[in-house]
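Secondary and tertiary structure notes
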Amino acid sequence: MTACSFRRHVPPNLLRRLGPLCCLALLAASGHGVEPRTAPVAGLHDNTPQTHALVGAKLVLAPGKVVEKGTIVLRDGLITAVGPDVSVPASAVVSDMTGRTIYAGFVDAGGEQEVTAPRSAVGGWNDSIRPHVRLDENYKPASDVNKRYRSQGVTLRIVAPSAGIIKGTSAAVTTADDAPTYSVVAPQTALHLQLEPAAESEENYPGSPMGAVALVRQTLHDAVWYARASEVFRSGTNVPRPEANEALASLNAILASKLPLVVQSRDWHYFLRADALGREFDLPIIVHGSGTEYQRLDAVRASGRAVIVPLNFPGAPNVANAEAALTVSLETLMHWDIAPENPGRLAAAGVRIALTSRRLKLSDSLLAQVRKAVERGLPPDDALKALTVTPAELFGLEKRYGTLEVGKAASLVVADGDLFTNPKAKVIDTWVEGKRFAIQPHLFADLRGRWDFTIPKAGGGTEPVSLELEGEAEKITGKLLRGKKEATLKNTAMDGAQWSAAFKGDELDWKGEVQISAAVLTARDDTREDAPGMKLDGFLLLPHGERVPFQAKHTVLEAKKKPTHVQADDKDRAALYAVNFPLGDFGLAAPPMQPKLLAFTNATVWTSGPAGKLEGATVVVAAGKIQAVGRNVAVPKGATVVDAKGKHLTPGIIDCHSHIATDGGVNEATQSITAEVRVGDFVDSNDINIYRQLAGGVTTSNILHGSANTIGGQNQVLKFRWGALPEEMKFATAPAGIKFALGENVKRSNWGSSSRYPQSRMGVEQLLRDAFRAAEDYRRRWKEYRSFKRGLPPRFDLEQEALVEVLEGKRLIHCHSYRQDEILAFLRVCEEFHVRVATLQHILEGYKVADVMAKHGAGGSSFSDWWAYKFEVYDAIPYNGAIMHEAGVVVSFNSDDAELARRLNLEAAKAVKYGGVPPEEALKFVTLNPAKQLGIDKHVGSIEPGKDADLVLWNGSPLSTFARCEQTWIDGRKYFDRAEDVRRREEMAARRTALIQRVIASGEPIEKSDDDEKKPSWARDDIYCGCRSPHARLGQAQQQDGK
Amino acid sequence: MKQLAQLLAWLVAAASTTASLAHDVVPGAPQKEPIALVGGTIHPVVGAVVENGTVLFEAGKLTAIGRDIALPKNVRKIDVRGKHVYPGMIDVDTEIGLVEIQAVRATVDDAEVGEVNPSARAVTAFNPDSELIPVTRSNGVLTAMTCPRGGLLCGLGSVMRLDGWTWEDMTVRGDAAMIVEWPALIQTQTARLEQLRIREEKRAKALEQMTGLFESARAYQKLKRARADQGAPPPDYDARWEAMLPVLEGRTPLHVRADDMRQIQSAVALARKEGVRLVIVGGYNAPECAELLRSENVAVVVKGTNRLPRYRNDPYDAPFTVPARLYKAGVKFCISASDRMANVRNLPYHAGAAAAYGLPAEEALKSVTLYPAQIAGIDKELGSLEKGKSATLIVTTGDPLDIDCEVTAAYIDGREVDLTDRHKQLRDKYQQKYQQINAARQQD
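Treat the numbers as computed from the prediction; the structure is a model and nothing was measured. (Residues numbered from 1 in each chain as written. Chains lettered and ligands numbered in written order. Predicted model: local features only at pLDDT ≥ 70, side-chain atom pairs only at ≥ 80, totals over all residues. Heavy atoms only, no water.)

The subject of this paragraph is the overall build of chain B. Of the regular secondary structure elements, chain B holds twelve helices and 16 strands. The C-alpha radius of gyration of chain B comes to 24 Å, within 12% of the 22 Å expected for a compact globule of 444 residues. With respect to the principal axes defined by its C-alpha atoms, chain B has extents near 75 × 55 × 45 Å. Here chain B holds 444 residues, and the buried ones make up 59% of them. When the accessible surface of chain B is summed, it comes to about 17700 Å², and 50% of that surface belongs to carbon and sulfur atoms. Counting 54 positive and 55 negative side-chain charges, chain B places the centres of these two groups 1 Å from one another. (Helix = DSSP H or I, 4+ residues; strand = E, 2+ residues; numbered from the N terminus. Rg over C-alpha atoms; globule rule 2.2 N^0.38 Å. Buried < 20%, exposed > 50% of the residue type's maximum accessible area, 1.4 Å probe, protein only. Areas by Shrake-Rupley, 256 points an atom, 1.4 Å probe, with all protein chains shown as cover. Lys, Arg positive; Asp, Glu negative; His and termini not counted. Charge placed at Lys NZ, Arg CZ, Asp CG, Glu CD.)

What follows is about the overall build of chain A. Of regular secondary structure, chain A possesses 29 helices and 42 strands. A separation threshold of at least 6 residues defines the contact pool for chain A, and within that pool the share at least 24 residues apart is 67%. In the form shown here, chain A has an accessible surface area of approximately 40600 Å², with 52% of it arising from carbon and sulfur atoms. Charge separation in chain A, taken as the distance between the mean sites of 127 positive and 126 negative side-chain charges, equals 2 Å. (Contact = heavy atoms within 4.5 Å.)

Membership of the largest hydrophobic core comes to 190 residues, with the highest contact counts inside it found for Phe-106, Leu-419, Phe-420, Phe-740, Ile-813, Phe-826 and Leu-840 of chain A. The greatest single-element share of this core, amounting to eleven residues, is contributed by helix α7 (residues 209-235) of chain A. By size, the runner-up hydrophobic cluster in this structure holds 95 residues, among which are Leu-213, Ala-271, Val-276 and Ala-329 of chain B. (Core = buried A, V, L, I, M, F, W, Y, C linked by side-chain atoms within 4.5 Å.)

Evaluated as defined, the whole model comprises eight cavities of 30 Å³ or more. Taken as a whole, the largest cavity holds about 160 Å³ of empty space. Looking at the largest cavity, it is lined by 18 residues, and the ones nearest its centre are Arg-902, Arg-903 and Ala-963 of chain A together with Phe-320 and Tyr-357 of chain B. Of all the secondary-structure elements, those providing two or more residues to the lining of the largest cavity are α25 (904-913) of chain A together with α9 (347-356) of chain B. A per-class count over the lining of the largest cavity returns ten nonpolar, four polar and four charged. (1 Å grid on protein atoms, 1.4 Å probe; cavity = no way out; pocket = protein on both sides within 12 Å on 5 of 7 lines; lining within 4 Å. Points joined across faces, edges and corners; volume = space filled by probe spheres on them. Nonpolar A, V, L, I, M, F, W, Y, C, P; charged D, E, K, R; others polar.)

With respect to the helices, strands and loops of the structure, His-288 of chain A is situated in strand β11 (residues 285-288). Leave out the neighbours within four places in its chain, and His-288 of chain A touches Gly-110, Val-262, Val-263, Gln-264, Ser-265, Ile-308, Thr-356, Arg-358 and Arg-359 of chain A.

Moving on: the confidence of the model for chain A. All names here are of chain A. With 91% of its residues at a pLDDT of 70 or more, chain A shows a mean pLDDT of 90. Scored below 50 in pLDDT, residues 1009-1015 makes 13 contacts in the model with residues more than four places away or belonging to other chains. Overall, residues 1027-1043 carries pLDDT values under 50, and its contacts beyond four positions in sequence, including any with other chains, amount to 35 contacts. (pLDDT = per-residue confidence, 0-100.)

A few words now on the interface of chain B and chain A. Between chain B and chain A, the contact holds 76 residues from the first and 82 residues from the second. The shortest N-O distance in the salt bridge between Lys-433 of chain B and Asp-851 of chain A comes to 3.0 Å. Run the count over chain B and chain A and you get 32 residue pairs in polar contact (both at pLDDT 80 or more). Of all the elements, helix α12 (residues 422-443) of chain B adds the most residues to the side of chain B that touches chain A, at ten residues. Taken together, the residues of the side of chain B that touches chain A sort by class into 34 nonpolar, 17 polar and 25 charged. (Salt bridge = Lys/Arg side-chain N within 4 Å of Asp/Glu carboxyl O. Polar contact = N/O pair within 3.5 Å; in protein donor to acceptor, adjacent residues only side chain to side chain.)

The next thing to look at is helix α9 (residues 268-281) of chain A. Residues and elements named next belong to chain A. With 14 residues, α9 extends 20 Å from end C-alpha to end C-alpha; this agrees with the ideal 20 Å at 1.5 Å per step. Summarising burial for α9: eleven of the 14 residues are buried, a large majority. On its buried face, α9 is in contact with α7, β10 (261-264), β11, α10 (297-303), β12 (307-310) and α19 (726-729). Looking at where α9 begins, the residue whose side-chain oxygen comes 2.9 Å from the main-chain nitrogen of His-269 is Asp-267. Residue Asp-282 follows α9 closely and has a positive phi angle near 50 degrees. (Expected span 1.5 Å × (residues − 1).)

Residue and element names in this part refer to chain B. Reading across from one edge, β6-β7-β8-β9-β10-β11-β12-β13 is the order of the eight strands in this open sheet, with mixed pairing throughout. This sheet does not close on itself; its edge strands, each paired only once, are β6 (89-94) and β13 (333-336). Averaged over all pairs of adjacent strands, the angle between strand axes in this sheet comes to 25 degrees, irrespective of strand direction. In this sheet, strand β12 (residues 299-303) lies alongside strand β11 (residues 278-282) in parallel orientation, the contact comprising four bridges. Following the sheet pairing, Val-279 is matched in β12 by Ala-299. (Pairing = 2+ DSSP bridges. Axes fitted to C-alpha atoms, helices over the stretch in contact; angles between N-to-C directions.)

A separate point is unusual backbone geometry. Between Tyr-205 of chain A and the following residue, Pro-206 of chain A, the backbone shows a cis peptide bond with an omega angle of -5 degrees. You can see Pro-206 of chain A is positioned in the loop between β9 (184-194) and α7. Backbone torsion omega between Tyr-757 of chain A and Pro-758 of chain A reads 5 degrees, so that peptide bond is classified as cis. Of note, Pro-758 of chain A is situated in the loop between β35 (736-741) and α20 (761-788). Even without being a glycine, Phe-586 of chain A presents a positive backbone phi close to 60 degrees. Relative to the elements of secondary structure, Phe-586 of chain A occurs in the loop between α17 (568-571) and β26 (597-606). On the basis of relative accessibility, which here comes to 2%, the residue Phe-586 of chain A falls in the buried class. Phi angles above zero are rare outside glycine, and Val-45 of chain B is one such case at about 75 degrees. Inspection of the secondary structure puts Val-45 of chain B in the loop between β1 (35-42) and β2 (50-58).

Residues and elements named next belong to chain A. Spatial ordering of the open sheet is given by β31-β32-β34, a layout of three strands whose pairing is mixed. A strand with exactly one partner marks an edge of an open sheet, and here the two such strands are β31 (653-658) and β34 (716-719). Neighbour to neighbour, the strand axes of the sheet diverge by 20 degrees on average, direction disregarded. The sheet contact formed by β31 and strand β32 (residues 698-703) spans four bridges and is parallel. Paired with Ile-653 across the strands is Val-698, a residue of β32.

We now examine the pattern of salt bridges. Opposite charge on two side chains makes pairing possible when the charged atoms of those side chains draw close. All names here are of chain A. For the structure on display, the rule yields 100 salt bridges over all chains. Of the charged contacts, one joins Asp-950 and Lys-719 as a salt bridge, the two residues approaching to 2.8 Å between their closest N and O atoms. One end of the pair, Asp-950, is in the loop between α27 (928-933) and β40 (951-954); the other, Lys-719, is in strand β34, and 231 residues separate them in sequence. A salt bridge links Glu-805 to Arg-811; the shortest N-O distance between them is 2.7 Å. Sharing partners across several salt bridges, the network here consists of Lys-625, Lys-719, Arg-721, Asp-948, Asp-950 and Asp-971.

Our next topic: the environment of Gln-194 of chain A. Residue and element names in this part refer to chain A. Here Gln-194 shows up in strand β9. Sequence separation between Gln-194 and His-544 is 350 residues, and the spatial gap between their C-alpha atoms is 74 Å. Setting aside residues no more than four positions away along its own chain, Gln-194 makes contact with Gly-164, Ile-165, Lys-167 and Gln-264. Reaching out from Gln-194, the side chain makes a polar contact with the side chain of Lys-167 at a distance of 3.1 Å.

Next up on the list: the packing of aromatic side chains. Two descriptors summarise a pair of aromatic rings, namely the distance from one centre to the other and the angle between the planes of the rings. Applying the stated criterion to the full structure yields 26 aromatic pairs over all chains. Pairing Trp-225 of chain A with Tyr-226 of chain A gives two aromatic rings, centres 6.2 Å apart and planes at 55 degrees, and the pair type is tilted. Side by side, Trp-225 of chain A and Tyr-226 of chain A carry an identical accessibility label, which is buried. For the ring pair Trp-782 of chain A and Tyr-785 of chain A, a centre distance of 6.1 Å and an interplane angle of 90 degrees mean the geometry is edge-to-face. With a gap of three residues between them, Trp-782 of chain A and Tyr-785 of chain A both fall in helix α20, about one helical turn apart. Considered together, Trp-782 of chain A and Tyr-785 of chain A belong to a single accessibility category, that of buried residues. Among the aromatic side chains, those forming a connected cluster through ring pairs are Phe-586, Tyr-691, Trp-722 and Phe-976 of chain A together with Tyr-316, Phe-320 and Tyr-357 of chain B. One residue, Arg-422 of chain B, lies across the ring of Tyr-874 of chain A, its end atom 4.0 Å from the ring centre. The cationic tip of Arg-427 of chain B hangs over the ring face of Tyr-879 of chain A; the distance from NZ or CZ to the ring centre is 4.4 Å. (Phe/Tyr/Trp six-rings, centres within 6.5 Å; stacked < 30°, edge-to-face > 60°. Lys NZ or Arg CZ within 6 Å of the ring centre and 35° of its normal.)

Below you can see the structure in the form of structure tokens.
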């Protein structure tokens, strides 16, 4: 945001839009009388002087810039003077602020409001794309909301529309109870997005986070296209007219103005996704954080993005009893322990942060949460900055907001102490644009101190009596002293200028209760507590009804040292354990080291290569690559040696069909073709199944889109580098691919009624042909346009781009298929377009058409023995793999299941059992063959010199149920080691115990859910893939339960 | 070459078998003459392994196991040298015969309407012609308890021998166990508050209902007894509580499906209170309450070792080690496949995984033979190779708990089982396709 942006934000058309009624209401409500306004004056002019001088306060001009005692002058909603030596203008209403601390008004950048305006008739086809929705035009101030914010010192809020994926633009609004004409101070502050739909859907695109990102990406391309097409239409003749699309037009204007984009994040994965989107399209992105940024602090810092940081620290995990504690993950416990340090850790890392009360159950707990963050390491100045300067700068409001400087808005917070360090400190007043809102009741005067007076003495003369008043100004305690005796005051109360109290008189020779009533008399400008001449003028009402008048004089007492209220153990509290990767269970402190030289000796090596199986062999690894394999290979000097005597070494297992490690929903099930959707956008590197599968020897996995549509999304091949970031897990050199599907799932056979095309295998065949034809047409249109530059430019269509890549052999097809008829039809369609299918997935009737598959060159990636879970797999047989293999098809066995993937070696063994495939060939079903199918066999799949050192060490034959995976290596780094795992369990158990102790000791109430925001749990299985197992069925039941 | 030989072997087999879609495998005829399996390695499960031994059975019963056995004159000697003989394996928690294809409703008969169906009897809906039956026994699983599911009291599970013409032929125990699904534990860590509240209410209601069910059944039992004592006519018939009488009398055990610690503890408490016999089915967290289970003498059917850890913080091998941990803690257990239908045949591999992760190999074998027989109360007839027990056994090429093992012959009550199944038939059918193609190619 540039410095002049505020000018741009002045809404020239705003008043025109508001009816006269609003303005009348506004005048009644507002104390402003001086700013030029357009509405006629009703009744008499209100020209009350609007000048205030706050005198004697500690002024926090800006973070780190403090005037210990100074004056601030406010006039017409602006700060006109501020500093230690400021003369007070004659017209000013002077308020004594001795003992007060004044900050610039706080800015909360995380607001949201529902926009109920009807949808624009020309808003584009997809209702979740709403860049044209403007909060300013729809802003509905609510006095209860404003009041809560003011109670926390918040004077300005950024409020965004809440609905949609591209939600629209936010406005900056004050927390004064003005009509929008005055409370909207900047009409368009940012464009807001979330990278997921509101809920999973089978009908409305997008129905998954993957789809949401794809839609955002396409929309950004569409905006560029729309601008160009509109331009061509305006300037050219004889060109067709593009559609009217307010969404795209608005988006263009917003992008051109360099308005920031605020992207909401559910966790740090979403943070990095937002950042990636920003880099892809060069967008000025601010991330609305999740509170988990500390888990990947380096990546967050490296992004250079500013973060709006929530303060909804997690509540105590449910460890109420041992049974419940069983289910609480170390991740949950550690998150509870560390999360309050998130703001401090971000600040320390140099990340620009703005704090928000968003996601707090009570917005009036903002300051308490800020203090918690300060207690847990956020420097107070950084906290102040994150509530003032930074949010003001992020949204281009720094000319008017964020510090106490001349010319800035008279929005400030008056407190009775340091709001960031003193838990007892309270906001006294919040000034919003020159208007004072009392947060604490205002006392007529501070009566604390000693009051001396005399009363008539029995039998003539007078005797001295005094009152000693202390405690808090609002809640005075104290005593009355008469002679050497004293009585404690009770029922003390201030009612305007009238003070009253009572005490038990027995000790003081008044038998019974004595009441005190007095008026507080002050001279003008003498309201200060040390003012000379402050008097109490009143009487004692003695037990028998006699009134004893008195006039008391005031003396200020030396303030007693206040005890520090911060509990020591809270202040010293720091998280018990360092962040590991991923956080908690089985996470690593750092990536496993890669020895320069590594040798496995005396191993039975299943090379899956031409060397076959070697007994007593040595495998040498250099810098993560296999250097030598053989029986007579020397161990190089300095090599780390793994003695594998009696053990078996195999290539890392490759799973050609999986859905783990993704949180994008697996299926974008809403349309029959969703080629634009990318699984790679939603890799979840925290998935514990990655680690569990490493423990079963899996090193590489093909993460596929689901099977709900004929042409699904793009797959992502991963290497299971546990602890790494999602991007770092991607198999960089793996060719691109895409999921296709046939049969029952795409015609929605097992999912109630559907009328989506296709409803039959006939339709599936037609849809495929049609899609390929459309892609050809698309490619031709672009070619023509590039050659002749005539007419409207074609739209850049990510779906078509992916299909063109398929046509050109640059994107591999992995097609879910079962029955021989559909397999044959599919292959024939592809052959028509000269497309070779990379793999037929499941392919349970492959044995019926293995000759056709072999001739076509399609790989077969199958289950070893699943069958009969739905009708199209009633003819599935476990001999399928062997028969396809015999026919010359490259065959792999896959899991399609988080559990089955843990023992793919045993699935391979079933090719030996059912069909007599030789053991070494069978092992290739889960090593070399899937590598070939995925086009990565140059790098992985066998133990051959030059390939990646992805290796698994077994304590017996990998084809035996009695064997166990002992170690799993990727790129020459050990990612799983059974001995290390056992050690880590003990360490985890110790951590759990310590943290559970801490939870119980904290006395915090048990939190039953993380927060009350919507938390859809996106599917992590291909839920459309029939009921493959009892587990799958259970999963479905839970899904339905969830709906 | 080996593959070629295999292929030829199939072709020979194919010539003698007609492939077709219906389950047309003919049940074995009753044993006519004594049969002696000679020269194999005998694994009686109870007692030591016998090398180069003989198994003799007559009229469906085992009559002798060992070496140097005198064979009757009319004996049929079958040479099993180089092979192994084991008792048939048993899975006590399946839905075989009740469900053919999960996704095709017309073929699913495993659950009744409502929460309370103690009178539903699996045996009456057991389809002897299910294609799943031959596939299952092909891998050595010869006996299965087939169980209803759904609701709280699901109905009666039945132990079936996996060969025969009708369900009556195939019944070992018609009413073997009352199947109960214990209300599921709520996982508080992920659920949304509102959902959580609803589910908690549901669970509380279910738990209350569960206790109430037993009280109702008990009241019916008392009333019935009182009437009988008074010589009065019995109370109006209630099929549900009538079905619960054998449970209350301790004759039929409760098989309670429960994985979580709190489920297991509650089930044990209820069983103790009602004085009924209890078996826990599932048992993921059973090792965490081993002392309770041991002291209350409650057995556990470990519902598969090949399953995922239930909680993020659990060790990756937690499901694999459940049997080993129960064994060490002295809790009675057996292993059941995690799949209840099409892949019950993989039962032995669940035991194999348990062995790979700490269960002694001989215990692993018992956990799919003798132990399930004991838990299902059929160990007088089944579960081991002992004189007088049923001749329900398999002949194999190796250890059935490992995958490279092939079952070459099977006997159920002495009847020779045809080991053909749908999978072999389809294999043979399509081998002919490739044979025809090759033949045509050679002609060209």
